[in-house]
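# Structural overview
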Amino acid sequence: MNCSEDKRIPVEEPIIPLEKIVGIIHLEDFAKEIRQHCPLQDLEKWTADDKRKSIKNSLPYYDDALYLPTYSVDCWLCPEDQWPNEGQTQCFSTTLQFLSFGEPLGTALSFLTSLLLLITLFVLCAFRKYQDTPIVKANNRVLSYVLLVAIMLCFLSSFAFIGYPSMVTCMLRQNSFGISFAISISTVLAKTITVIIAFNARDPTSRSSRWLGSRIPSGVVLLCSFAPVLICTVWLLLDPPFPVKIQIRDTTILQCDEGSVLFFYLMLGYLGLLSTVSFVVAFYARNLPQSFNEAKFLTFSMLVFLAVWIAFIPAYLSTQGKYMVAVEIFAILSSAAGLLGCIFIPKCYIILLRPDLNTKQYLMQKTSSSNNL
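Quick summary incoming for the structure in this document. These figures come from a predicted structure and were not determined experimentally.

## What about the state of the cysteines?
Within the structure shown, the criterion is met by 1 disulfide. Note that Cys-170 is cross-linked by a disulfide to Cys-256, the S-S spacing being 1.9 Å. With the S-S bond torsion at -80°, the cross-link from Cys-170 to Cys-256 turns out left-handed. Here Cys-170 is found in helix 7 (residues 167-200), whereas its partner Cys-256 is found in strand 8 (residues 251-257), with 86 residues between them in sequence. Look at Cys-170 and you get buried, because its relative accessible area is 1%.

Quick look at the structure:
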């Protein structure tokens, strides 16, 4: 004989608090509460199916996680890394989900990252080999070297997002990404300021102009890069990222918890502010004479950077698991590749394929033509 439906324990109110449901749960643990709704003799006459239904009605939030042997009066939760089968007669290991190097998506992103790293290294070697040519010297070759190294660090930071999440990789992911991009963007800003100083100086050959032209860009890079270093240091000291396991039915998602969401968005907000300032300054310098001026390339590179990260935020928030990680890696690679392509590929074209244009006479002639227009 079964208890009538109106006497059963309400589904909305679990008998035992969720935090107490650990280990083996005996039917006797529910006896006192069940007696208030059903006579004990009716409870003892229930079949195994009735007992399973009673317990499951008592634990509505744990229905799918209960392991109920067919002929047992006991029930218990499956271990953290397991899930019951459809018949809820035994537990089996859940599927682990994280972006690994061995799966197609992880392999493709790793290959793309390695390819972009090699291209950046090739550009750096080309600039180093032709460092005394006019087109390399024109826009502060030291800043060009710093920017190329920073772009390489941006590409390298994406490797921390691939593989089994650990405490070390979780702490490195967002911090290495934020610092490397801060150095890249601040270097773009410094290069733009160099262009403005060069074309607005009354006497470019004077000692004060040379001093300002060398000290101000270096100061901009150091000052703008210090803020994210400070943010990341405080972040790691107060509430660092850490690996977590999120179980969704029969799948266990391994990912990094950002720890303090405040510091994460503070870092993203700083990068957004810095890139916006760099874009505005580069846009202001776009109409200067073109021969020694890379402001138009800098403007376009920052426009690509902003477009990528504006599109990244909604895509990042609408995904989870390994696909959320893949979205961030793709944004890192796209924005860093945009900086590399917009600023350095046109120069590499002239250095390697059109050396006849890489002369001081040609550049000065082009400057005079631009001024006449």
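## So, the nonpolar core
In a soluble, globular protein the nonpolar side chains are often hidden away together inside. One finds Phe-127, Ile-151, Phe-177, Phe-181, Trp-309, Ile-329 and Phe-344 to be the most contacted residues of the largest nonpolar core, which totals 63 residues. Looking at this core, the elements that each hand over two or more residues are helix 4 (104-129), helix 5 (134-137), helix 6 (141-157), helix 7, helix 8 (207-238), helix 9 (261-284), helix 10 (295-317) and helix 11 (322-353). Sorting elements by how many residues they give to this core places helix 11 first, with 15 residues.

## Quick notes on the packing of helix 6 against helix 11
Closest axis-to-axis distance for the helix 6/helix 11 pair is 9 Å, and the angle between their directions is 155°. Taken together, the axes of helix 6 and helix 11 lie roughly antiparallel to each other. Crossing of helix 6 against helix 11: the hand is left-handed. When helix 6 is examined against helix 11, the residues Ser-144, Leu-147, Leu-148, Ile-151, Cys-154, Phe-155 and Ser-157 are found in contact with a partner set consisting of Ile-332, Leu-333, Ala-336, Ala-337, Leu-339, Leu-340, Ile-343 and Phe-344.

Each value, and the rule that gives it
Position numbers for residues start from 1 in each chain and track the written sequence from start to end. pLDDT decides what is reported in this predicted model: residues at 70 or higher carry local features, side-chain atom pairs at 80 or more are listed and counted, and totals for whole chains, interfaces and linings draw on all residues regardless. Side-chain calculation: all heavy atoms of the structure are included, whereas hydrogens and water are not. A pair of sulfur atoms, both from cysteines and within 2.5 Å, is called a disulfide here. Helix and strand labels come from DSSP, where a helix needs a run of H or I of at least four residues and a strand needs a run of E of at least two; each type is numbered from the N terminus. Only protein chains enter the calculation, and the probe is 1.4 Å; a residue is then buried if its accessible area is under 20% of its type maximum, exposed if over 50%, and partly exposed in between. The term nonpolar core refers to a set of buried residues drawn from Ala, Val, Leu, Ile, Met, Phe, Trp, Tyr and Cys, joined through side-chain atoms within 4.5 Å. Every axis corresponds to a line fitted to the C-alpha atoms, with the helix fit spanning only the stretch in contact, and the corresponding angles, defined between N-to-C directions, vary from 0 to 180 degrees. Orientation is classified from the angle alone, with under 35 degrees giving roughly parallel, over 145 giving roughly antiparallel, 65 to 115 giving roughly perpendicular, and any other angle giving oblique. With the far helix as reference, a near helix turned anticlockwise by less than a right angle produces a left-handed crossing, and one turned clockwise produces a right-handed crossing. Contacts are residue-level and defined by heavy atoms, with any inter-residue pair within 4.5 Å sufficient.

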